[in-house]
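So you can see what is in the structure, the chains are spelled out below.
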Amino acid sequence: MNPVSAKAAAVNVDDICKSYPNVRALNHVSLRVEQGEFFALLGPNGAGKTTLISILAGLTRSDSGHASIMGYDTVSDYREARKNLGVVPQELVYDPFFSVRETLRFQARYYGVPKADAWIDEILHNLDLTGKANENMRALSGGMKRRVLVGQALVHKPPVIVLDEPTAGVDVELRQNLWTFIKRLNSEGHTIILTTHYLEEAEALCNRVAMLKNGEIVALDTTANLLRGMSGITVQVSADTMPVSWASRSSAQASGAFGFTLSGYAELESLLAAFREANIAIREMKLGEADLERAFLKLTSQSAAAS
Amino acid sequence: MSTPILGPGFNALFYKECLRFWKVAFQTIVAPVVTTLLYLLIFSHVLESNVKVYEGRVNYTSFLIPGLVMMAVLQTAFANSSSSLIQSKMMRSIIFILLPPITSLEIFCAYVFGAMVRGLAVGLGVWLITFPFVGAAAAVPQKPLWVLAFAACGSAIMGTLGLIAGIWSEKFDHLAVFQNFIIMPLTFLSGVFYSIHSLPAFWQTLSHFNPFFYMIDGFRYGFFGIADVSPWRSLAVVTFFVIALSIIAMRMLQTGYKLRQ
């Protein structure tokens, strides 16, 4: 084992650029994920998340810059880098010739783990696939195939696990089982890097978040700090009309509803007072706290305005 | 501790390649044997009394058998590596061998050896099934080492060519072009069904530029001790192609050509 591995970053990305014809997929991206972190990589479609993951996995070559996994360069020391990385790809891919157990066994052997049956049984149990172990991959539903992909990424017990949209197409109950399993792996010391469209998942699970837009990092901070930056509350009021004095603060909502972003509960009192003074009856009111989705929308729209 | 040249990644991928064709053995082993048997039945029946080869020293059916065995070896070796690659590329499951720490040499050897195993298994099947046509004594090669050398080199060439075609092809149609416009004509025009001495001078000369001719002629020399050209010359040509195609395939794998972006 590389003597620097114990202190090395789980993932280090240094000034990576990658272009495809007519598209700048990544533009001088740098980030560092420490060992043991549960890290989210968020961004709209085409932001560059999958390109970044592909570069870490050695599926794509960067135009410039360097990346390393547990201190091992993904190009010059690719064998050690790949041994330390497990990737759940976004696409639902499988080999139609083999059963679930054969698929996992082959994947373990590719990584030099010849006797992984006990661990494979544990993976199958945790992914609720024990009953499907001897089924051909073609016979599985989309959600089951997705879980086998998760199993394939874990079968060599890599210290760094990258999950690219792992819960797409997986039903709610199994999604919870999957996250319980992943959280357990994280608590045992595995570094988890997650991309997801379910922002509530990232908010609930991840300590730190990087937000990508158009190949650039627009935010890189702890989840708590990002949420603190979104102080305030949102209010959605259903009424026939609204006080004239608040018209400029209202955002477009569904028919008969008005949305407001307030600095805090003191301002909420002012809003309610304005409704009372204008003698407008409120039929329904919903309050919303700061969440990652709002932070995401705010940061990505700021980036769009700046560019 | 030094790392072995072919490590566990090779072992796993080679085993997977063999298991892949074994799981559909009727399609991958039995079908080519039956097809080749049909060639033998038809050509030997129609041409036995009309064609003289090697100045009448070998009867036509006996002459035909090594050619058909080698043709089956070559075509199935090509089909194995090319179809495995293109299928995994089209279904994107190629990612499962690109993510692990498997070296380019391990990938190369696993695919080529897998193709050789299938090619040689089909060749063995064809050879065994021809015994009733000429008798076991006549079917046994006079120089088995030459037979083994050309069978191994021929299947290695076609396994490697299949690997190159599989990597290069972006859809099944591309592979069909390779198969129908390169492999099939070169195989059929290589002397499987005739001795090139029976051809006009122009076509004889042209046949010497067909690498498949040397594979089949050298293989046939192992059976009868007679050939159209020196077996050493055939071995030199075949060895050259093994090395040249291996260098091309390895270069494609090392640079990630059409595999890694």
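Data block above holds the structure.
The following paragraphs examine the structure supplied in this document.

What counts as what
- Residues numbered from 1 in each chain as written.
- Chains lettered and ligands numbered in written order.
- Predicted model: local features only at pLDDT ≥ 70, side-chain atom pairs only at ≥ 80, totals over all residues.
- Heavy atoms only, no water.
- Helix = DSSP H or I, 4+ residues; strand = E, 2+ residues; numbered from the N terminus.
- Buried < 20%, exposed > 50% of the residue type's maximum accessible area, 1.4 Å probe, protein only.
- Contact = heavy atoms within 4.5 Å.
- Areas by Shrake-Rupley, 256 points an atom, 1.4 Å probe, with all protein chains shown as cover.
- Lys, Arg positive; Asp, Glu negative; His and termini not counted.
- Salt bridge = Lys/Arg side-chain N within 4 Å of Asp/Glu carboxyl O.
- Buried area = accessible area lost by both parts, 1.4 Å probe.
- Polar contact = N/O pair within 3.5 Å; in protein donor to acceptor, adjacent residues only side chain to side chain.
- Pairing = 2+ DSSP bridges.
- Axes fitted to C-alpha atoms, helices over the stretch in contact; angles between N-to-C directions.
- Expected span 1.5 Å × (residues − 1).
- Parallel < 35°, antiparallel > 145°, perpendicular 65-115°, else oblique.
- Left-handed = near helix turned anticlockwise from the far one by under 90°.
- Nonpolar A, V, L, I, M, F, W, Y, C, P; charged D, E, K, R; others polar.
- Phe/Tyr/Trp six-rings, centres within 6.5 Å; stacked < 30°, edge-to-face > 60°.
- Lys NZ or Arg CZ within 6 Å of the ring centre and 35° of its normal.

1. Focus on the overall build of chain A
Part 1 of the argument: Tallying secondary structure elements over chain A gives ten helices and 14 strands in all.
Part 2 of the argument: Within chain A, the fraction of its 307 residues that count as buried is 52%.
Part 3 of the argument: Summarising the internal contacts of chain A: among those between residues at least 6 apart in sequence, 70% fall at separations of at least 24.
Part 4 of the argument: Within the structure as shown, chain A displays about 14,000 Å² of accessible surface, and the carbon and sulfur contribution to it stands at 50%.

2. Here we look at the side chain of Arg146 of chain A
Residue and element names in this part refer to chain A.
Part 1 of the argument: Within the secondary structure, Arg146 sits in helix 5 (residues 142-154).
Part 2 of the argument: Despite its burial, Arg146 pairs with no opposite charge, the nearest such side chain being Glu165 at 7.7 Å.
Part 3 of the argument: Residues within four places of Arg146 in sequence aside, it is in contact with Pro89, Gln90, Glu91, Leu92, Glu165, Pro166, Ala168 and Val170.

3. Focus on the interface of chain B and chain A
Part 1 of the argument: In this complex, chain B contributes 30 residues to the contact, which on the side of chain A involves 29 residues.
Part 2 of the argument: It is Phe96, Leu99 and Pro101 of chain B that lose the most area in chain B upon contact with chain A, and together they represent 26% of the buried surface on that side.
Part 3 of the argument: In this structure, the salt-bridge partner of Lys16 of chain B is Asp95 of chain A, at a minimum N-O distance of 3.6 Å.
Part 4 of the argument: Linking chain B to chain A there are ten residue pairs in polar contact (both at pLDDT 80 or more).

4. Looking at the sheet that holds strand 13 (residues 257-262) of chain A
Residue and element names in this part refer to chain A.
Part 1 of the argument: As summarised here, the arrangement of the four strands in space is 12-13-11-14, forming an open sheet in which the pairing is antiparallel. Edge positions in the sheet fall to strand 12 (250-251) and strand 14 (282-288), since each has one partner strand and no second.
Part 2 of the argument: Taken strand by strand, helix 9 (residues 265-277) contacts strand 11 (233-239), strand 13 and strand 14, and its axis lies near 15° from that of strand 11.

5. Here's the deal with the environment of Leu19 of chain B
Part 1 of the argument: The topology assignment puts Leu19 of chain B in helix 1 (residues 8-22).
Part 2 of the argument: Between the C-alpha atoms of Leu19 of chain B and Gly114 of chain B, which are 95 residues apart in sequence, the distance is 9.3 Å.
Part 3 of the argument: Excluding its chain neighbours within four sequence positions, the residues that come into contact with Leu19 of chain B are Phe98, Glu102 and Phe106 of chain A.

6. What about helix 11 (residues 211-224) of chain B?
Residues and elements named next belong to chain B.
Part 1 of the argument: A rise of 1.5 Å per residue sets the reference length of helix 11, with its 14 residues, at 20 Å; its end C-alpha atoms lie 20 Å apart and thus fit the reference within 8%.
Part 2 of the argument: When you tally the buried positions in helix 11, you get 14 out of 14 residues, the bulk of the element.
Part 3 of the argument: N-capping of helix 11 is provided by Asn210, with a side-chain oxygen placed 3.0 Å from the backbone N of Phe212.
Part 4 of the argument: Backbone geometry just downstream of helix 11 places Gly225 in the positive-phi region, at approximately 70°.

7. So, helix 9 of chain A
Residue and element names in this part refer to chain A.
Part 1 of the argument: Along its 13 residues, helix 9 runs 19 Å from first to last C-alpha, staying within 8% of the 18 Å computed at 1.5 Å per residue.
Part 2 of the argument: Taken together, the buried positions of helix 9 are occupied by Glu267, Leu268, Leu271, Ala273, Ala274 and Phe275.
Part 3 of the argument: Residues of helix 9 that are buried sit in contact with strand 11, strand 13 and strand 14.

8. What to know about the pattern of salt bridges
Part 1 of the argument: All chains considered together, the criterion is met by 18 salt bridges over all chains.
Part 2 of the argument: As a salt-bridge pair, Glu91 of chain A and Arg92 of chain B come within 3.4 Å of each other at their nearest N and O atoms. With Glu91 of chain A in the loop between strand 6 (85-88) and helix 3 (100-110) and Arg92 of chain B in the loop between helix 3 (60-90) and helix 4 (95-98), this residue pair bridges two chains.
Part 3 of the argument: A relative accessible area of 47% means that Arg92 of chain B is categorised as partly exposed.
Part 4 of the argument: Among the salt bridges present, the one from Glu122 of chain A reaches Arg184 of chain A, with a minimum N-O distance of 2.8 Å. Of this pair, Glu122 of chain A sits in helix 4 (residues 117-126) while Arg184 of chain A is found in helix 6 (residues 172-187), placing the two residues 62 residues apart along the sequence.
Part 5 of the argument: Residue class for Glu122 of chain A comes out partly exposed when judged on its relative accessible area of 32%.
Part 6 of the argument: Taken together, the salt bridges that share partners define one network made up of Asp95 of chain A together with Lys16 and Glu17 of chain B.

9. Considerations on the packing of helix 5 (residues 104-129) of chain B against helix 12 (residues 231-255) of chain B
Residue and element names in this part refer to chain B.
Part 1 of the argument: The interhelical angle for the contact between helix 5 and helix 12, taken along N-to-C directions, is 130°, at an axis separation of 9 Å. When the interaxial angle is binned, helix 5 and helix 12 end up oblique. Crossing handedness for the pair helix 5 and helix 12: right-handed. Two secondary-structure elements touch here, helix 5 through Ser104, Leu105, Ile107 and Phe108 and helix 12 through Ser246, Ala249, Met250, Leu253 and Gln254.
Part 2 of the argument: Looking at side-chain class alone, the contact of helix 5 with helix 12 contains six nonpolar, three polar and no charged residues.

10. As for unusual backbone geometry
All names here are of chain A.
Part 1 of the argument: Notably, Asn22 is not glycine yet its phi reads approximately 70°, a positive angle.
Part 2 of the argument: On the secondary structure map, Asn22 appears in the loop between strand 1 (11-20) and strand 2 (23-33).
Part 3 of the argument: Non-glycine residue Glu165 carries a positive phi angle of around 55°.
Part 4 of the argument: Tracing the backbone through its elements, the reader meets Glu165 in the loop between strand 7 (160-164) and helix 6.

11. A word on the sheet that holds strand 3 (residues 38-42) of chain A
Residues and elements named next belong to chain A.
Part 1 of the argument: The strand order across the open sheet built from six strands is 6-7-8-3-9-10, with neighbouring strands paired in mixed fashion. Both outer strands of the open sheet, strand 6 and strand 10 (216-222), are each paired with one neighbouring strand and no more. Taking each pair of neighbouring strands and ignoring which way they run, the sheet shows an average axis angle of 15°.
Part 2 of the argument: Against the sheet, helix 5 contacts strand 6 and strand 7, and its axis sits at roughly 170° relative to strand 6.

12. What to know about the packing of aromatic side chains
Part 1 of the argument: Under the counting rule described, the total for this entry stands at 24 aromatic pairs over all chains.
Part 2 of the argument: Both rings, one in Trp146 of chain B and one in Tyr221 of chain B, keep their centres 5.6 Å apart while their planes meet at 90°; by these two values the pair is edge-to-face. You can see Trp146 of chain B sitting in helix 8 (residues 144-168) and its partner Tyr221 of chain B sitting in helix 11, a full 75 residues away along the chain.
Part 3 of the argument: A ring pair is formed by Trp146 of chain B and Trp232 of chain B, whose centres lie 4.8 Å apart and whose planes are at 80°; its orientation type is edge-to-face. Residue Trp146 of chain B is found in helix 8, and its partner Trp232 of chain B is found in helix 12; the two are separated by 86 residues along the sequence.
Part 4 of the argument: On the basis of relative accessible area, Trp146 of chain B is assigned to the buried category, the value being 16%.
Part 5 of the argument: Here the basic side chain of Lys157 of chain A rests over the ring of Trp119 of chain A, its NZ or CZ set 4.7 Å away from the ring centre.
Part 6 of the argument: Against the face of Phe63 of chain B rests Arg220 of chain B, its NZ or CZ located 3.6 Å from the ring centre.

Function-wise, these values are silent; they only describe arrangement.
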